[in-house]
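These are the residues of each chain, in order.
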Amino acid sequence: MESQIHITAEHDQIRRELKEIRDLPTLPAVFVRVIKALRNPNTSVKDIAAVVETDQAITMKILRLINSSFYGISRSVDSVHQAIVLLGANTLKNVVISASVFKALGGSGKDRIFNREAFWQHSIGCGMIARYLGNRTGHGREEEGFIAGIIHDIGKVVLDQYFHDKLALVAEQVKTKNISFYQAEREVIGISHAEIGAFLAETWSLPEKLVDVIAHHHHPGTPGQNGALTALVAVSDMLARRYGVGSGGDDLIPQIEAATWTQVGVNPGQIDAWDEGLKAEIEKGKELLEVLTS
Ligand SMILES: [Fe+2]
Ligand SMILES: [Fe+2]
């Protein structure tokens, strides 16, 4: 598939290499079928549930997720059908995306350079914070913010899996120069996990707005659609770092521009008032991570 993401001439080499990777992680087949079923207005809840249930592992994950404190449903849910009725199709879609991404990329290899556990803690933390902020600001972006937060850095997994030598050089630069992971990537390989992640998301045919967020989360405010969602993820990424949730690849806390806060609809001073709520969300994220990686 031809990438829509703009990659300039000096990135051609890595782009070529990316295209040549024959065994890029794939999303489980059930993912494509569920998205297709959800698009068809004539599909009943029963039909959608039947599609989900063709994949036992995903079904188990969905039921565990639905019964975790994440959704806060007081009674126990024991069928996908019941889950869709209670949470709606849109939430189900996001649950299927997150369960599928974890099935494709999960695993907690304890590498010296790339600590996947810390990586997923950071990603889930970012998702939980985005969900909380989306909810507090009343912009209704909590579900999307959550999923976008979880997958914003997936390009790093590709780097770890296929360009490990380059990743090692990047990590070294982060340490010796005390620069951000993103900056080190640009210096060492001329391309970053943002473009690589967007390439993967496109290959997976994820919704366009998610591709956009992944591509631009380190420079929100880039003109284009989905700017508000990208801004939400950029702020949540910064907060996940400030709260020390997992690791974003370096110990620096990025500066968020005033225009980005405005796009999110939050005054930076408000964050302190939400401290307890944010911490509670981060705690819930730990349980979620356990469900998703088990
Ligand atoms: Fe990132
Ligand atoms: Fe991040």
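The rules behind these values
Positions within a chain are numbered from 1, following the residues in the order the chain's sequence is written. Chains and ligands are labelled sequentially in the order written, the chains with letters from A and the ligands with numbers from 1. At least 70 in pLDDT is required for a residue's local features to be given in this predicted model, at least 80 for side-chain atom pairs to be given and counted, and no such filter applies to totals for whole chains, interfaces and linings, which use all residues. Think of it this way: any DSSP run of H or I at least four residues long counts as a helix, any run of E at least two long counts as a strand, and we number them from the N terminus. Between the two quantities, the radius of gyration covers C-alpha atoms and the globule rule is 2.2 Å times the number of residues to the power 0.38. Remark: C-beta atoms are placed from the backbone, and a residue is labelled buried if 20 or more other C-beta atoms sit within 10 Å of its own, exposed if 12 or fewer do, or partly exposed between those counts. Whether two residues are in contact depends on their C-beta atoms, placed from the backbone: they are in contact if these lie within 7 Å. An axis is simply a line fitted to the C-alpha atoms; with a helix, the fit covers only the stretch in contact. Between two such axes, the angle follows the N-to-C directions and lies from 0 to 180 degrees. Reported orientations rely on four angle classes, namely roughly parallel under 35 degrees, roughly antiparallel over 145, roughly perpendicular from 65 to 115, and oblique for the rest. Crossing chirality is assigned from the near helix's rotation relative to the far helix, an anticlockwise turn below a right angle marking it left-handed and a clockwise turn marking it right-handed. Residues are grouped as follows: Ala, Val, Leu, Ile, Met, Phe, Trp, Tyr, Cys and Pro are nonpolar; Asp, Glu, Lys and Arg are charged; every other residue, Gly included, is polar. These domain limits were set by an automatic method or by a database of domain assignments. To count as a nonpolar core, a set of buried Ala, Val, Leu, Ile, Met, Phe, Trp, Tyr and Cys residues must be joined through C-beta atoms within 7 Å. By definition, pLDDT measures how confident the predictor is in each residue, and it falls between 0 and 100. How far a helix is expected to stretch is found by multiplying one less than its residue total by 1.5 Å.

**Student:** Would you mind going over the overall build of the chain in detail, with residue names and values included?
**Tutor:** Tallying secondary structure elements over the chain gives 17 helices and zero strands in all. For 294 residues, the compact-globule estimate of 2.2 N^0.38 gives 19 Å, and the C-alpha radius of gyration of the chain, at 19 Å, lies within 12% of that figure. Dimensions of the chain, computed from the C-alpha atoms along their principal axes, are close to 55 × 50 × 35 Å. For the chain, the residues scored as buried account for 43% of the 294 residues in total. Sequence separation of 24 or more characterises 65% of the internal contacts of the chain that already satisfy a separation of 6 or more.

**Student:** Describe unusual backbone geometry, and please don't skip the residues or the numbers.
**Tutor:** We note that N178 has phi near 50°; this positive angle belongs to a residue other than glycine. Relative to the helices and strands, N178 is located in the loop between helix 10 (164–177) and helix 11 (181–188). On the neighbour-count criterion, N178 (11 C-beta atoms within 10 Å) is exposed. One non-glycine residue with positive phi stands out, namely S205, at about 55°. One can find S205 in the loop between helix 12 (193–203) and helix 13 (208–216).

**Student:** Run through the packing of helix 7 (residues 116–137) against helix 17 (residues 275–293), naming residues and quoting values.
**Tutor:** Interaxial distance between helix 7 and helix 17 falls to 8 Å at its minimum, and their mutual angle equals 130°. Comparing their axes, helix 17 and helix 7 come out oblique. Remark: the crossing between helix 7 and helix 17 carries right-handed chirality. When helix 7 is examined against helix 17, the residues W120, Q121, I124, G125, M128, I129 and Y132 are found in contact with a partner set consisting of G277, L278, E281, I282, K284, G285, L288, L289 and T293. Of the residues contributing to the contact of helix 7 with helix 17, the split by class is nine nonpolar, five polar and two charged.

**Student:** Please give an account of the domain arrangement of the chain that cites residues and values.
**Tutor:** In terms of domains, the chain is made up of domain 1 (21–105) and domain 2 (107–294). Contacts between the two partners involve 18 residues from domain 1, matched on the other side by 17 residues from domain 2. Those elements that place two or more of their residues in the side of domain 1 that touches domain 2 are helix 4 (56–66) and helix 6 (89–105). Taken together, the residues of the side of domain 1 that touches domain 2 sort by class into ten nonpolar, six polar and two charged.

**Student:** Outline the nonpolar core, listing residues and values.
**Tutor:** Residues V52, V96, I129, L210, I214, L232 and V235 are the most contacted members of the largest nonpolar core, which totals 80 residues. Tallying contributions element by element places helix 14 (residues 227–242) first for this core, with ten residues. Contact partners of I214, with chain neighbours within four places excluded, come to I151, H152, I154, A194, G197, A198 and A201.

**Student:** Give me the lowdown on the confidence of the model for the chain, citing residues and values where you can.
**Tutor:** Considering every residue of the chain, the mean pLDDT works out to 87; 93% of them sit at 70 or more. Looking across the chain, the model is least confident in helix 1 (residues 12–20), with a mean pLDDT of 76, and most confident in helix 14, with 96. With pLDDT under 50 throughout, residues 1–7 is counted as low confidence; its partners more than four residues away or in other chains account for 13 contacts.

**Student:** Lay out helix 8 (residues 142–151) with the relevant residues and their values.
**Tutor:** Of all ten residues in helix 8, nine are buried; the element is thus mostly enclosed. By the burial criterion, the buried members of helix 8 are E142, E144, G145, F146, I147, A148, G149, I150 and I151. In the core, the buried residues of helix 8 are packed alongside helix 6, helix 7, helix 13 and helix 14.

**Student:** Can you break down the packing of helix 4 against helix 6 residue by residue, with the values?
**Tutor:** The interhelical angle for the contact between helix 4 and helix 6, taken along N-to-C directions, is 125°, at an axis separation of 10 Å. In terms of orientation, helix 4 lies oblique with respect to helix 6. Remark: the crossing between helix 4 and helix 6 carries right-handed chirality. Seen from helix 4, the contacting residues are A57, I58, K61, I62 and L65; seen from helix 6, they are V95, V96, A99, S100 and K103.

**Student:** Tell me about the environment of H193, residues and numbers included.
**Tutor:** Relative to the elements of secondary structure, H193 occurs in helix 12. Separated by 40 residues in the primary sequence, H193 and D153 place their C-alpha atoms 6.6 Å from one another. Contacts of H193, omitting those with residues within four sequence positions, involve D153, G155, K156, L159 and E185.

**Student:** Outline helix 7, listing residues and values.
**Tutor:** With 22 residues, helix 7 ought to run about 32 Å at 1.5 Å a step, and its terminal C-alpha atoms sit 31 Å apart, in line with that. The buried fraction of helix 7 amounts to 16 of the 22 residues, a majority that puts the element mostly inside the structure. Two residues or fewer after helix 7 comes G138, characterised by a positive phi angle close to 70°.

**Student:** So what about the environment of V245? Which residues, and what values?
**Tutor:** Considering the arrangement of structural elements, one finds V245 in the loop between helix 14 and helix 15 (258–264). On the neighbour-count criterion, V245 (21 C-beta atoms within 10 Å) is buried. Residues V245 and S74 lie 171 residues apart in sequence; the distance between their C-alpha atoms is 28 Å. When sequence neighbours within four positions are dropped, the list of residues in contact with V245 reads Q121, H122, G125, A240 and I282.

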